[in-house]
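Coordinate inspection notes
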Amino acid sequence: MNCSNNALQSVIERTNWIVTRLSILPDNYALSTSSFQVSDQNVYTIASRMFTCNKVRSVNVVYDDDKAICNCNTPLSTKFVIRLFQAHQHTGNVLVEIRRKSGCSLDFQQEYRALFQAATYGEAHPREYPFHKKAMRMVDKGHTGEEYIPLPKGIIERSLEMAQNHLRLEHYDAQMLVLTDLALTTDPSSTETASIATKLIFLEYTGILEFVINVITQKMVVHDDDKRNENMRSSSLTLLRNLLTVSLQD
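Residues numbered from 1 in each chain as written. Predicted model: local features only at pLDDT ≥ 70, side-chain atom pairs only at ≥ 80, totals over all residues. Heavy atoms only, no water.

1. Digging into a nonpolar patch on the surface
Taken together, the side chains of Phe 202, Leu 203 and Leu 244 present a nonpolar region at the surface, about 300 Å² in accessible area. Look at Leu 203 and you get exposed, because its relative accessible area is 69%. (Patch = residues over 30% accessible without salt bridge, like charges linked within 9 Å, V, L, I, M, F, W, Y side chains within 5 Å. Areas by Shrake-Rupley, 256 points an atom, 1.4 Å probe, with all protein chains shown as cover. Salt bridge = Lys/Arg side-chain N within 4 Å of Asp/Glu carboxyl O. Buried < 20%, exposed > 50% of the residue type's maximum accessible area, 1.4 Å probe, protein only.)

2. Topic: the sheet that holds strand 5 (residues 94-102)
A sheet is described by the order of its strands in space; here five strands give the open sequence 1-5-4-3-2, paired in antiparallel fashion. Every interior strand has two partners, whereas the edge strands, strand 1 (35-38) and strand 2 (60-64), have only one. Pairwise comparison of adjacent strand axes, ignoring direction, gives a mean angle of 20 degrees for this sheet. Relative to strand 5, strand 1 runs antiparallel, the two sharing four bridges. Residue pairing across strands places Phe 36 opposite Val 96, the latter belonging to strand 5. Of the strands in this sheet, strand 1, strand 4 (79-86) and strand 5 touch helix 3 (residues 105-121), which is tilted by about 10 degrees from strand 1. (Pairing = 2+ DSSP bridges. Helix = DSSP H or I, 4+ residues; strand = E, 2+ residues; numbered from the N terminus. Axes fitted to C-alpha atoms, helices over the stretch in contact; angles between N-to-C directions. Contact = heavy atoms within 4.5 Å.)

3. Focus on the packing of aromatic side chains
Tallied over the full model, the rule gives seven aromatic pairs. Ring plane angle 70 degrees and centroid distance 5.7 Å describe the contact between Phe 80 and Phe 108, whose orientation is recorded as edge-to-face. Linking Phe 80 in strand 4 with Phe 108 in helix 3, this pair joins segments that are 28 residues apart in sequence. Of the two residues, Phe 80 and Phe 108, neither departs from the other in class, the shared state being buried. An aromatic cluster of at least three residues, connected via ring pairs, comprises Phe 36, Phe 80, Phe 108, Tyr 112, Phe 116 and Tyr 121. (Phe/Tyr/Trp six-rings, centres within 6.5 Å; stacked < 30°, edge-to-face > 60°.)

4. Let's talk about the pattern of salt bridges
Here the structure, examined in full by the defined rule, presents six salt bridges. Ionic pairing is found between Arg 57 and Glu 111, a salt bridge with its closest N-O pair at 2.9 Å. Here Glu 111 lies in helix 3 and Arg 57 lies in the loop between helix 2 (43-56) and strand 2, a separation of 54 residues in the sequence. Since its relative accessible area comes to 3%, Arg 57 is described here as buried. Taking the relative accessible area as the measure of exposure, Glu 111 reaches 0% and is therefore buried. The salt bridge partner of Arg 100 is Asp 187, with a shortest N-O separation of 3.0 Å.

5. Details of the nonpolar core
Trp 17, Met 50, Ile 82, Leu 84, Val 96 and Ile 98 are the most contacted members of the largest nonpolar core, which totals 32 residues. Of all the secondary-structure elements, those providing two or more residues to this core are strand 1, helix 2, strand 2, strand 3 (69-73), strand 4, strand 5, helix 3 and helix 5 (172-185). Top contributing element to this core by residue count: helix 3, with seven residues. Leave out the neighbours within four places in its chain, and Val 96 touches Ser 34, Ser 35, Phe 36, Val 38, Ile 46, Met 50, Ile 82, Arg 83 and Leu 84. In this structure, Leu 106, Ala 163, Leu 167 and Ile 201 belong to the second largest nonpolar core, which totals 25 residues. (Core = buried A, V, L, I, M, F, W, Y, C linked by side-chain atoms within 4.5 Å.)

6. A closer look at the layout of surface pockets
Considered as a void within the structure, the largest pocket measures approximately 990 Å³ in volume. The wall of the largest pocket is formed by 26 residues, among which Ser 35, Phe 36, Tyr 172, Met 176 and Asn 231 lie closest to the centre. Counting residues per element, the ones that place at least two in the lining of the largest pocket are strand 1, helix 3, helix 5 and helix 8 (226-249). The residue makeup of the lining of the largest pocket, split by class, is 11 nonpolar, 10 polar and five charged. (1 Å grid on protein atoms, 1.4 Å probe; cavity = no way out; pocket = protein on both sides within 12 Å on 5 of 7 lines; lining within 4 Å. Points joined across faces, edges and corners; volume = space filled by probe spheres on them. Nonpolar A, V, L, I, M, F, W, Y, C, P; charged D, E, K, R; others polar.)

7. Topic: unusual backbone geometry
Although it is not a glycine, Asp 40 adopts a positive phi angle of roughly 65 degrees. Here Asp 40 shows up in the loop between strand 1 and helix 2. Taking relative accessible area as the criterion, Asp 40 reaches 74% and is therefore assigned exposed. Positioned with a positive phi, Ser 58 is a non-glycine residue whose angle comes to about 60 degrees. Within the secondary structure, Ser 58 is located in the loop between helix 2 and strand 2. Of the residues examined, Ser 58 reaches a relative accessible area of 52% and is grouped as exposed.

This is how it looks when you write it as structure tokens:
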């Protein structure tokens, strides 16, 4: 019966993502770095907020209510998956995993930020930039077997400048979100985007590199909480590894 309901809703226009129960995150599950927890909200509200966000941003989505998972495809053909888990059996927190499958890392980065804002704060913002397929050249063609469109000129610089400013705020959640964004932007699998971003970080936005090195060498103890410090150091190491890998590839 559940399968029939899901099949029927895939044919007609959906009005919501109706998730009523969650599975606990398995012990052996390799969680994506682009994940976050939401507290003080039930799963129905979180799923509904994310549904609204996807709709406002014109993301094509196939939802599975029973498994609390959905497959997304942006107007730029960037594909990603959203999974919802119960964070821990002794807490009421919902764990949201957003995992990129293919496509432009910067496009995914924008969707990740939008979904984070929606799930956490209930804010749904439309896409910031108009996209015109004929006016833009294709990049990273061949990596995914598909053609997709890059973001407009200058957005990498604006993104890095914003990231550098946010790292100086000394706000843990903002810093972790920025480090996750930067790790996606410099992902070696996204050859052109990663190359441009890496060069800019080394030459112009050196505050990002300085922050990462200070965290790794523990010259900067960002928080008193050992677990948070561990998470911050792990994310910084991931970013530094990306930067070095991309530099060697260029």
